[in-house]
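Structure assessment
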Amino acid sequence: MAEGLVEKRGGGVEEQGMLFEYTVKLLLLAGFLELILYRLVSRLGMHLSKVAQQYESVRLTFKALSSIGFALLNFVSLLVFLAMFLFLFNKVSTIGVGRYDALLVPSLSLLLLLTIVFLVFPPGMLGSVLYNAIVIVVLGLLVVEYMATHQVWVQRAMVLSYIGGVTGWLYYQMVSTTYGLLGLVAAPPLVHEINRAGEAMMVLASLLVLWAYGGVSLATKNKRQRRRVMIFALVCGGVFVALLFVDYFATLYDQSLAEKIRKAGEGIGWIFQMGMGYTFYLPFACYVAGLLCWAYTVLKLVTIGRMAGFGLGLMFIAGYALQLSHLTLMVVLGLVLLTLDRRRAGSPASTSVREHSLVNVAPPILGGQAS
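Keep in mind that what you see is a predicted model, and the values were worked out from it rather than measured.

The rules behind these values
Residues numbered from 1 in each chain as written. Predicted model: local features only at pLDDT ≥ 70, side-chain atom pairs only at ≥ 80, totals over all residues. Heavy atoms only, no water. Helix = DSSP H or I, 4+ residues; strand = E, 2+ residues; numbered from the N terminus. Buried < 20%, exposed > 50% of the residue type's maximum accessible area, 1.4 Å probe, protein only. Contact = heavy atoms within 4.5 Å. Areas by Shrake-Rupley, 256 points an atom, 1.4 Å probe, with all protein chains shown as cover. Salt bridge = Lys/Arg side-chain N within 4 Å of Asp/Glu carboxyl O. Phe/Tyr/Trp six-rings, centres within 6.5 Å; stacked < 30°, edge-to-face > 60°. Lys NZ or Arg CZ within 6 Å of the ring centre and 35° of its normal. Axes fitted to C-alpha atoms, helices over the stretch in contact; angles between N-to-C directions. Parallel < 35°, antiparallel > 145°, perpendicular 65-115°, else oblique. Left-handed = near helix turned anticlockwise from the far one by under 90°. Nonpolar A, V, L, I, M, F, W, Y, C, P; charged D, E, K, R; others polar. Expected span 1.5 Å × (residues − 1). pLDDT = per-residue confidence, 0-100. Core = buried A, V, L, I, M, F, W, Y, C linked by side-chain atoms within 4.5 Å. Polar contact = N/O pair within 3.5 Å; in protein donor to acceptor, adjacent residues only side chain to side chain.

1. What to know about the overall build of the protein chain
Within the protein chain one finds 13 helices and two strands. Buried positions account for 41% of the 371 residues belonging to the protein chain. Sequence-distant contacts in the protein chain: of pairs separated by 6 or more residues, those separated by 24 or more amount to 74%. Counting every atom, the protein chain has about 20500 Å² of accessible surface; 69% of that belongs to carbon and sulfur.

This is the structure we're talking about:
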């Protein structure tokens, strides 16, 4: 930081207005419930279809939860649109302040317009390719703006890793759809390899997020914070090691128990693959470690009202496979919130005035008593 400048913490979600603040907060809660009740529980019901057929209560329970999740899906979609429109309204009222507003505002407006049109008139293959291309343009502009306003290298690495993962999925979608549009039977070049590389980069981003935004450091002088960091590290390390070797130890103890654990792991992997797009080809412990890092960071930042917390939460909830339009918009909105979350530097003049006022109000060291 330059000498004579005072760094002020910015990035509170309330700075964009009360309506935007409560929309984002409600969106994070509703999006999390939609993920649990619709994208995960409904898949769990499909996985336990035999049990549901045997017990009527189980079938009715899953049916009710899926219905609530589907209603939440529509509610989340409306909240995403509202938040994006409010952001665009604020951007238009202050257009020219941001370096890339002249490109970002029309691109994001076109993306929202196409989303609405495609909800009414489902797109064909060409429309899907065009939509994904505009998504890449919008994400690219937001990343460039993020890099211009955030100088911490680990934050940049986390965002680049996350965007690399999303781009891997978008490449998979665009190239596969383009080959189908052209009637080509051959497999697209490196489509599966890039898709898997994108998933690996998403997992890497979920690990980097704790370092980038979690404020985890053993160098701090705060004993309570240092103790929390050590406890969190021990818990995560223990869970990570246990998950890596659980199959081996279960095999040593009981072969049938190990087989049940493998089947349970396959079932969990299938549910998350259908709900969030992760194939779990990496060690399962890596995904769990990423989940713990992401959850800790989001909870910490949301508690203090940082925009980054809400943005990271939405980006995680959207998952890897952006098969629904509102999930794509959640990624865009999450990156918008990350871009808005930054430190603001005060001017040297205001700093000198503040220091001068502090000197004036200071009581004398010797003699006299403050009245």
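2. Examining the pattern of salt bridges
What the rule picks out here adds up to four salt bridges. The partner of R39 in a salt bridge is E34, and the shortest N-O contact between them spans 3.2 Å. When its relative accessible area of 3% is taken as the criterion, R39 is described as buried. For E34, a relative accessible area of 0% corresponds to the buried category. In this structure, E145 engages K91 in a salt bridge whose closest nitrogen and oxygen atoms are separated by 3.6 Å. Of the two residues, E145 sits in helix α5 (residues 125-149) while K91 sits in helix α3 (residues 56-93), which places them 54 residues apart along the sequence.

3. A short note on the packing of aromatic side chains
Per the counting criterion, the structure on display carries ten aromatic pairs. Taken together, the ring pairs connect W169, Y172, Y278, Y287 and Y320 into an aromatic cluster. A cation over a ring is seen here: K25 above Y22, with NZ or CZ 5.6 Å from the ring centre. Here R196 stacks its cationic end above the ring of Y281, 4.7 Å away from the centre of that ring.

4. Topic: the packing of helix α6 (residues 153-182) against helix α7 (residues 191-213)
At a closest axis distance of 7 Å, the pairing of α6 and α7 adopts a crossing angle of 155°. Viewed along their axes, α6 and α7 adopt a mutual orientation that is roughly antiparallel. Classified by chirality, the crossing of α7 by α6 is left-handed. Tallied by class, residues from the contact of α6 with α7 come to 21 nonpolar, nine polar and no charged.

5. Points about helix α12 (residues 325-340)
Taking 1.5 Å per residue as the helical rise, α12 with its 16 residues ought to reach 22 Å, and the 23 Å between its terminal C-alpha atoms agrees with that figure. Burial of α12 is extensive: 15 of the 16 residues sit out of reach of the surface.

6. Let's talk about the confidence of the model for the protein chain
On average, residues of the protein chain score 77 in pLDDT, and 68% of them are at 70 or above. Contacts of residues 1-10 to residues separated by more than four positions or lying in other chains number 28 contacts, the stretch itself having pLDDT below 50. Counting interchain partners and residues more than four positions distant, the pLDDT-below-50 stretch residues 343-371 has 23 contacts.

7. Re helix α11 (residues 307-318)
The end-to-end C-alpha distance of α11 is 17 Å, a good match for the 16 Å that twelve residues give at a rise of 1.5 Å each. Turning to α11, its buried residues number three or more, namely M307, A308, G309, F310, G311, L312, G313, L314, M315, I317 and A318. Just downstream of α11 lies G319, where phi reads positive at about 80°.

8. Describing the nonpolar core
Ranked by size, the top nonpolar core spans 77 residues in total, and within it L312 and L338 carry the most contacts. Top element by residues in this core is α12. It accounts for eleven residues.

9. Regarding unusual backbone geometry
Among all residues save glycine, negative phi is the norm, and among peptide bonds the norm is trans. A positive phi angle, close to 55°, is found at L190, a residue other than glycine. Using a relative accessible area of 56% as the deciding quantity, one classes L190 as exposed.

10. Quick look at the side chain of T339
For T339, the position within the fold is in helix α12. From its side chain, T339 meets the backbone oxygen of L335 in a polar contact 2.8 Å long. Beyond its immediate chain neighbours, meaning those up to four positions away, T339 contacts L142, E145, Y146, T149 and H150.

11. Some remarks on the packing of α5 against α12
When two helices pack together, their arrangement is given by the angle between their axes and by how far apart the axes lie. Axis separation between α5 and α12 bottoms out at 9 Å; the angle between their running directions is 15°. Here α12 runs roughly parallel to α5, going by the angle between their axes. Handedness of the α5/α12 crossing: left-handed. When α5 is examined against α12, the residues Y131, V135, V138, L139, L142, V143, E145, Y146 and T149 are found in contact with a partner set consisting of S325, T328, L329, V331, V332, L335, V336, L338 and T339. Of the residues contributing to the contact of α5 with α12, the split by class is 13 nonpolar, four polar and one charged.

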